[in-house]
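# Observations on the three-dimensional arrangement
The chain contents come next:
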Amino acid sequence: MSSSIPEYLRQSVKVKEIIDDIEINSFKVPPHKFFVNEELTYLTLPLNVEEKVIINKINELKLGRKTIEKLYAIRLDSEPWQYNELELPDLLNNEVDGTSMESKGNVIFSAYIHVNGIKNFLKIIAFKYVSYVEVDIVRLAGYRGIVRYIVHF
(Lines give C-alpha, C1' and ligand atoms only; values in the text may rest on other atoms or scores of the structure.)
Protein backbone atom coordinates (compact mmCIF):
# COMPACT_ATOMS: atom_id res chain seq x y z
CA MET A 1 0.00 0.00 0.00
CA SER A 2 1.21 3.50 -0.70
CA SER A 3 1.92 6.01 2.05
CA SER A 4 -1.18 8.02 1.09
CA ILE A 5 -3.41 5.21 2.36
CA PRO A 6 -4.35 5.93 5.98
CA GLU A 7 -3.82 3.50 8.83
CA TYR A 8 -7.61 3.37 9.19
CA LEU A 9 -7.81 1.58 5.83
CA ARG A 10 -7.18 -2.12 6.36
CA GLN A 11 -6.62 -5.03 4.00
CA SER A 12 -9.88 -6.84 3.36
CA VAL A 13 -10.63 -10.49 3.98
CA LYS A 14 -12.16 -11.99 0.83
CA VAL A 15 -14.85 -14.66 1.05
CA LYS A 16 -17.01 -16.62 -1.39
CA GLU A 17 -20.66 -16.81 -0.48
CA ILE A 18 -23.27 -19.10 -1.99
CA ILE A 19 -26.76 -17.60 -2.02
CA ASP A 20 -29.54 -19.38 -3.91
CA ASP A 21 -26.86 -21.54 -5.63
CA ILE A 22 -25.12 -18.40 -6.93
CA GLU A 23 -21.52 -17.64 -5.99
CA ILE A 24 -20.83 -14.11 -4.76
CA ASN A 25 -17.37 -12.58 -4.26
CA SER A 26 -17.63 -10.77 -0.93
CA PHE A 27 -15.47 -9.19 1.74
CA LYS A 28 -15.71 -8.93 5.52
CA VAL A 29 -16.59 -5.47 6.82
CA PRO A 30 -14.81 -4.33 10.01
CA PRO A 31 -17.47 -3.65 12.68
CA HIS A 32 -16.50 0.01 13.29
CA LYS A 33 -13.71 2.59 13.00
CA PHE A 34 -11.63 0.79 10.34
CA PHE A 35 -12.38 0.69 6.61
CA VAL A 36 -11.37 -1.67 3.82
CA ASN A 37 -10.75 -0.63 0.20
CA GLU A 38 -13.99 -2.20 -1.06
CA GLU A 39 -16.05 0.06 1.21
CA LEU A 40 -14.76 3.10 -0.65
CA THR A 41 -16.68 2.03 -3.75
CA TYR A 42 -19.86 1.89 -1.66
CA LEU A 43 -19.28 5.45 -0.44
CA THR A 44 -18.47 6.94 -3.87
CA LEU A 45 -21.93 6.01 -5.20
CA PRO A 46 -24.23 7.99 -2.88
CA LEU A 47 -21.73 10.80 -2.24
CA ASN A 48 -20.88 11.20 -5.94
CA VAL A 49 -17.18 11.87 -5.25
CA GLU A 50 -13.93 10.24 -6.32
CA GLU A 51 -12.25 7.60 -4.19
CA LYS A 52 -9.29 9.96 -3.53
CA VAL A 53 -11.62 12.44 -1.83
CA ILE A 54 -12.96 9.69 0.43
CA ILE A 55 -9.43 8.52 1.34
CA ASN A 56 -8.46 12.10 2.21
CA LYS A 57 -11.55 12.48 4.40
CA ILE A 58 -10.83 9.20 6.19
CA ASN A 59 -7.20 10.30 6.61
CA GLU A 60 -8.40 13.42 8.46
CA LEU A 61 -9.33 11.10 11.34
CA LYS A 62 -5.62 11.19 12.25
CA LEU A 63 -6.01 14.91 12.92
CA GLY A 64 -8.96 14.30 15.21
CA ARG A 65 -11.53 15.43 12.64
CA LYS A 66 -14.42 13.08 12.20
CA THR A 67 -15.20 13.70 8.56
CA ILE A 68 -16.17 10.13 7.60
CA GLU A 69 -17.03 7.81 10.43
CA LYS A 70 -18.30 4.26 10.33
CA LEU A 71 -20.75 3.94 13.20
CA TYR A 72 -21.26 0.20 12.90
CA ALA A 73 -21.49 -2.81 10.62
CA ILE A 74 -23.72 -5.52 12.05
CA ARG A 75 -25.46 -8.69 11.01
CA LEU A 76 -29.08 -8.84 11.99
CA ASP A 77 -29.39 -12.63 11.87
CA SER A 78 -27.55 -13.45 15.09
CA GLU A 79 -28.17 -12.97 18.78
CA PRO A 80 -27.04 -9.62 20.19
CA TRP A 81 -24.39 -11.21 22.43
CA GLN A 82 -22.85 -13.15 19.54
CA TYR A 83 -20.65 -11.50 16.97
CA ASN A 84 -20.52 -12.54 13.33
CA GLU A 85 -18.84 -10.29 10.80
CA LEU A 86 -21.00 -8.71 8.15
CA GLU A 87 -20.05 -9.52 4.57
CA LEU A 88 -20.82 -7.35 1.56
CA PRO A 89 -20.45 -8.22 -2.12
CA ASP A 90 -17.41 -6.75 -3.86
CA LEU A 91 -18.95 -4.33 -6.35
CA LEU A 92 -15.92 -4.54 -8.67
CA ASN A 93 -15.64 -8.36 -8.77
CA ASN A 94 -19.26 -9.38 -9.37
CA GLU A 95 -21.87 -8.62 -12.02
CA VAL A 96 -23.60 -5.60 -10.55
CA ASP A 97 -26.68 -3.70 -11.69
CA GLY A 98 -28.91 -1.25 -9.91
CA THR A 99 -32.33 0.32 -9.77
CA SER A 100 -32.60 3.92 -8.59
CA MET A 101 -35.48 4.78 -6.33
CA GLU A 102 -37.28 8.09 -6.07
CA SER A 103 -35.75 10.38 -3.47
CA LYS A 104 -38.20 11.91 -1.01
CA GLY A 105 -37.68 14.30 1.90
CA ASN A 106 -34.08 14.37 3.04
CA VAL A 107 -33.10 11.33 0.95
CA ILE A 108 -30.43 12.35 -1.60
CA PHE A 109 -29.65 8.84 -2.96
CA SER A 110 -31.58 5.59 -2.91
CA ALA A 111 -30.91 2.50 -4.99
CA TYR A 112 -31.31 -1.25 -4.95
CA ILE A 113 -28.18 -3.12 -6.03
CA HIS A 114 -28.54 -6.45 -7.85
CA VAL A 115 -25.55 -8.81 -7.67
CA ASN A 116 -24.90 -11.75 -10.03
CA GLY A 117 -28.59 -11.90 -10.93
CA ILE A 118 -29.87 -11.73 -7.34
CA LYS A 119 -32.38 -8.86 -7.34
CA ASN A 120 -32.32 -6.36 -4.47
CA PHE A 121 -29.23 -7.85 -2.82
CA LEU A 122 -28.53 -4.48 -1.19
CA LYS A 123 -30.15 -1.13 -0.68
CA ILE A 124 -27.97 1.96 -0.44
CA ILE A 125 -29.61 5.07 0.89
CA ALA A 126 -28.19 8.48 1.83
CA PHE A 127 -29.92 11.06 4.00
CA LYS A 128 -28.90 14.74 3.99
CA TYR A 129 -29.08 16.54 7.31
CA VAL A 130 -28.00 20.10 8.15
CA SER A 131 -24.41 19.29 9.12
CA TYR A 132 -23.83 15.76 7.77
CA VAL A 133 -24.89 12.99 5.41
CA GLU A 134 -25.84 9.55 6.71
CA VAL A 135 -25.14 6.63 4.37
CA ASP A 136 -26.79 3.28 5.09
CA ILE A 137 -25.95 0.08 3.27
CA VAL A 138 -28.58 -2.54 3.98
CA ARG A 139 -27.93 -6.15 3.03
CA LEU A 140 -31.17 -7.90 2.10
CA ALA A 141 -30.06 -11.21 0.50
CA GLY A 142 -28.90 -14.30 2.36
CA TYR A 143 -29.12 -12.64 5.75
CA ARG A 144 -29.86 -9.08 6.78
CA GLY A 145 -27.26 -6.59 7.93
CA ILE A 146 -26.51 -2.88 7.94
CA VAL A 147 -23.50 -0.59 7.74
CA ARG A 148 -24.03 3.02 8.81
CA TYR A 149 -21.69 5.91 8.06
CA ILE A 150 -21.79 9.57 9.02
CA VAL A 151 -20.10 11.95 6.56
CA HIS A 152 -19.32 15.58 7.41
CA PHE A 153 -18.52 17.77 4.38
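What comes next concerns the included structure.

Rules and cut-offs
- Residues numbered from 1 in each chain as written.
- Predicted model: local features only at pLDDT ≥ 70, side-chain atom pairs only at ≥ 80, totals over all residues.
- Heavy atoms only, no water.
- Pairing = 2+ DSSP bridges.
- Helix = DSSP H or I, 4+ residues; strand = E, 2+ residues; numbered from the N terminus.
- Buried < 20%, exposed > 50% of the residue type's maximum accessible area, 1.4 Å probe, protein only.
- Arc of directions from axis to C-beta.
- Contact = heavy atoms within 4.5 Å.
- Axes fitted to C-alpha atoms, helices over the stretch in contact; angles between N-to-C directions.

## Points about the pairing of strand β3 (residues 22–29)
- Pairing analysis gives six bridges linking strand β2 (residues 14–19) to β3, with the strands arranged antiparallel. Within the sheet, the bridge partner assigned to Val15 lies in β3 and is Ser26.
- Pairing between β3 and strand β6 (residues 86–89): four bridges, direction antiparallel. Within β6, the position partnered with Ser26 by the bridge is Pro89.

## Side note on helix α2 (residues 51–59)
- Turning to α2, its buried residues number three or more, namely Ile54, Ile55, Lys57 and Ile58. The arc that holds the buried residues of α2, viewed along the axis, is 160 degrees, so those residues lie on one side.
- Buried residues along α2 sit against β1 (9–10), β4 (35–36), α1 (37–47) and β5 (68–75).

## Some remarks on the environment of Ile150
- Note that Ile150 resides in strand β11 (residues 145–151).
- For the pair Ile150 and Tyr132, spaced 18 residues apart in sequence, the C-alpha to C-alpha distance is 6.6 Å.
- Not counting chain neighbours up to four residues away, the residues in contact with Ile150 comprise Thr67, Ile68, Glu69, Leu71, Tyr132, Val133 and Glu134.

## Details of the sheet that holds β3
- With respect to topology, three strands assemble into an open sheet ordered β2-β3-β6, the strand pairing being antiparallel. Across the chains shown, the open sheet's two edge strands, defined by having one partner strand only, are β2 and β6. Shown here is a sheet whose adjacent strand axes are inclined to one another by a mean of 50 degrees, direction ignored.
- Across the sheet, α1 lies against β2, β3 and β6, angled at about 100 degrees from β3, the strand it touches most.

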